[in-house]
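In case you want the letters, here they are:
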Amino acid sequence: MTVRRRVTAVAAVGLLAVTGCTAGDPGQVAAGHSHAGGGIVSMAVGDGTTVSEVGYTLSDLQVREKPRGIGEVRFRIDDYDGDPVTDYVEEQTKELHLYVVNDALTVFRHLHPTRAEDGTWSAPFDVPDAGSYRVVAEFVAKDEGGNGDHVVLGRPLALPPGDPGDTVAEDRVVGVTVSQAPDAGPDGLLRLVVRDAQRQPVKLGTYLGTYGHVTGFNTETGAMVHLHPLDAPDVTEDGSELTFHADIAQAGDYRLFVQVRVDGFLHTVPVELTVGRAA
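Throughout what follows, the structure given in this document is the object of discussion.

Conventions used here
Residues numbered from 1 in each chain as written. Predicted model: local features only at pLDDT ≥ 70, side-chain atom pairs only at ≥ 80, totals over all residues. Heavy atoms only, no water. Pairing = 2+ DSSP bridges. Helix = DSSP H or I, 4+ residues; strand = E, 2+ residues; numbered from the N terminus. Phe/Tyr/Trp six-rings, centres within 6.5 Å; stacked < 30°, edge-to-face > 60°. Buried < 20%, exposed > 50% of the residue type's maximum accessible area, 1.4 Å probe, protein only.

Here we look at the sheet that holds strand β4 (residues 56-65)
Stage number 1. If you trace the five strands from one edge of the open sheet to the other, you get β3-β4-β5-β9-β8, paired in antiparallel fashion. Strands at the two margins of the open sheet, each flanked by one partner only, are β3 (52-53) and β8 (114-115).
Stage number 2. Where β3 and β4 come together, two bridges link them in antiparallel fashion. Pairing of S52 across the sheet is with T57, part of β4.

A few points about the packing of aromatic side chains
Stage number 1. Per the counting criterion, the structure on display carries seven aromatic pairs.
Stage number 2. Ring geometry for Y56 against F139: centres 5.7 Å apart, planes inclined by 75°, an arrangement best described as edge-to-face. Of this pair, Y56 sits in strand β4 while F139 sits in strand β10 (residues 131-142), and the two are 83 residues apart along the sequence. With respect to burial, Y56 and F139 carry one shared label: buried.
Stage number 3. Note on F108 and F257: the rings are 4.4 Å apart at their centroids and 0° apart in plane angle, and the pair reads as stacked. Taken as a pair, F108 in strand β7 (residues 108-111) and F257 in strand β19 (residues 252-262) lie far apart in primary sequence, 149 residues in all. Note on accessibility: F108 and F257 belong to one class, buried.
Stage number 4. Taken together, the aromatic side chains of Y56, Y88, W121 and F139 make up a single cluster linked through ring pairs.

Here you go:
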């Protein structure tokens, strides 16, 4: 398709690993990394604040009500010609990651929609309050050469009250603190320490093929960041520490939603982070 050739040309300026790909040394930032059966995945384009990027568009976003208050979100990813994209590369075990977040950053949902043959994506979801939300889709579309175009798109959405649902409050079982905050720029490092309620180290399981999943939003602009650990946690008496390559363009305040699996249960823990200005 025309858009895939265009996107590949744009992405070829710098063919880099998807942010947060595993590296052998947690002190080293991941460089080139092969994906898609030997193809290369471009650096991410977009931060979830725009509906279109490099020819891809988040289209036909709809919310349908279902019994017992559970709704369904439906949408498509269209290419430059307006045709639905149906060929994707799996990233973190999924073809597409969908995030629903309100403007106040107190409600966060991480969903994995199902794709129909016609390219329409759908997923059940619930939210607790009416108000202004944003839907963010992150995906890697496969181009004609077998390479991947990593794109992040977003669209605002006004939602009626939902039931059931909850806000993301402090977790009573798992706590997460920042032990090292990054500066803005491509070479930042973020370190997070995970502990239990007694401030003891925890044994982390995997979620989506990694030991942690971080989705963050700039509190002023809404720009999204998506981070994965570079390696397995470093467990000491102070806690279980995860190190992330943090390629964050904008300095400022962020609200992170840290997802970790402990004792078989997935925990979503909000964490405040200030990203410093580049030196």
